Amino acid sequence: MNADNTILGLGIETSCDETAAAVVRGGKEILSNCVFSQISLHKEYFGVVPEIASRAHLELINGIIEKALSDAGTSFANLSYVAVTHRPGLVGSLLIGMQSAKAISFACNIPLVAINHLEAHLYAPFLEGNELEFPYLGLLVSGGNTALYIVRDIGNMETVGKTADDAVGEAFDKVAKFLGLEYPGGPLIEKLAKSAIEKKIIFPKILPEPESGFRFSYSGIKTAVINFCKSNPNYPKEEIVYSFQERALEILVRRLFDAANIFKINRIVIAGGVAANSRLREMIEEQKKGNEIIAIPSARLCTDNAAMVAGLGYHYFIRGHYSPLATDVHARVVDNYITSMQT
Ligand code: KG4
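Given the structure is predicted, the values throughout are model-derived calculations rather than measurements.

A. Representation of the pairing of strand E1 (residues 8-13) in the model. Buried residues dominate E1, accounting for 6 of its 6 residues. Neither face of E1 is left uncovered, since the one carrying Leu8, Leu10 and Ile12 and the one carrying Gly9, Gly11 and Glu13 both have all their residues buried. One ladder, built from 6 bridges, connects E1 with strand E2 (residues 18-25); its direction is antiparallel. Its bridge partner being in E2, Gly11 is matched across the sheet by Ala22. The loop that links E1 with its antiparallel partner E2 comprises 4 residues. With 4 bridges connecting them, E1 and strand E4 (residues 81-87) associate as parallel partners. Bridged to Gly11 within E4 is Ala83.

Shown next as structure tokens:
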């Protein structure tokens, strides 16, 4: 589909602990991408505190939206639509973005487009020159979600597999916390694992044979790491996190390529915070057969941002899939999600 280069959309993202706004042209070109990460506010709790997150969104949102418009060299008057994440996420946080978007939609008389955060993550690589073509396999790996989808069209995602318990990013964060590392643990574990020397795999494989479908599970490996640390208090941390990381990532790669093979889909998107992990990218390179078309966003678009919301919103906008001002926010997303028109 050719992008109409004149259409400007504002995206707003407040589903968790990033307050973000962005302006995207024609669904492809990022004119501005402003993200305020609240990590410093949540660090001491080793995770996101919902009440702190929503209060911070409330304080920051107007300034972030103004900055996104000014960085893009534009104003409210030039916008064609406003897209906002309405699910899944922390309800109090989602509400701040949603109410702001509704106010802009009403005041500027432009359509409101409610966006599924997970679908938006998978859209991120299409803001960096990759061609949007369906169907593709989408592996979403973040702090709140670990799932594999067949994405058939805009607003049409079939869930192939998901985690039975913790998300992969959550497991990185919990292991990091146990080892005394800061939040978020993923980037720190990745860095520390690089200094491992022995590289003896000490943890059991996740979901060994016989295994069921495309399920993921991370609570077992987390417990195995904790038990190991308790029994071996002096074992070098870099060796522990190396082994944890190998196990945590190898199942993702295996599920992904198994699905590509079984469903005969060679277009692949990997997105979400954990997709920034360089070892995951290395494993994908090592194990691909060569006929796959693999798109992974750059690190700044792997983690939460509003450019992905504005970019995906363009496709809803040009299809006339607008959301009414009565649109609600939702903590959860439904499996086999078909179109954000559901409000
Ligand atoms: O997508 P995201 O910004 O937020 C949501 O969870 O929606 O992802 C954040 C998660 C955190 O759990 C963080 O530890 C993890 O992504 N993460 C990483 C890396 N960078 C971020 N995990 C492993 N390796 C990384 N380099």
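After presenting the structure, the write-up continues.
B. Representation of helix H11 (residues 307-318) in the model. Here H11 spans 17 Å end to end across 12 residues, near enough to the 16 Å set by a 1.5 Å rise per residue. Most of H11 sits out of view: 11 of its 12 residues are buried.

C. Main features of the domain arrangement of the protein chain. Entries for the protein chain in the domain assignment read domain 1 (8-128 + 301-338) and domain 2 (136-296). Here the C-alpha centroids of domain 1 and domain 2 sit 26 Å apart. Each partner contributes to the interface: domain 1 provides 23 residues, whereas domain 2 provides 29 residues. On the domain 1 side of the interface with domain 2, the three residues burying the most area are Phe46, Leu122 and Cys302, jointly 30% of the side's total. Joining domain 1 to domain 2, the criterion identifies 2 salt bridges. We note a salt bridge from Arg319 to Asp153, for which the minimum N-O separation is 3.5 Å. Inspection of the domain 1/domain 2 interface yields 4 residue pairs in polar contact (both at pLDDT 80 or more). Within the residue set of the side of domain 1 that touches domain 2, elements represented by two or more residues are helix H4 (117-123) and H11. By residue number, the principal contributor to the side of domain 1 that touches domain 2 is H4, which donates 4 residues. Its residues placed into classes, the side of domain 1 that touches domain 2 shows 12 nonpolar, 6 polar and 5 charged.

Here is what the cut-offs are and how they apply
Residues numbered from 1 in each chain as written. Predicted model: local features only at pLDDT ≥ 70, side-chain atom pairs only at ≥ 80, totals over all residues. Heavy atoms only, no water. Buried < 20%, exposed > 50% of the residue type's maximum accessible area, 1.4 Å probe, protein only. Helix = DSSP H or I, 4+ residues; strand = E, 2+ residues; numbered from the N terminus. Pairing = 2+ DSSP bridges. Expected span 1.5 Å × (residues − 1). Domains from an automatic or database assignment. Contact = heavy atoms within 4.5 Å. Buried area = accessible area lost by both parts, 1.4 Å probe. Salt bridge = Lys/Arg side-chain N within 4 Å of Asp/Glu carboxyl O. Polar contact = N/O pair within 3.5 Å; in protein donor to acceptor, adjacent residues only side chain to side chain. Nonpolar A, V, L, I, M, F, W, Y, C, P; charged D, E, K, R; others polar.

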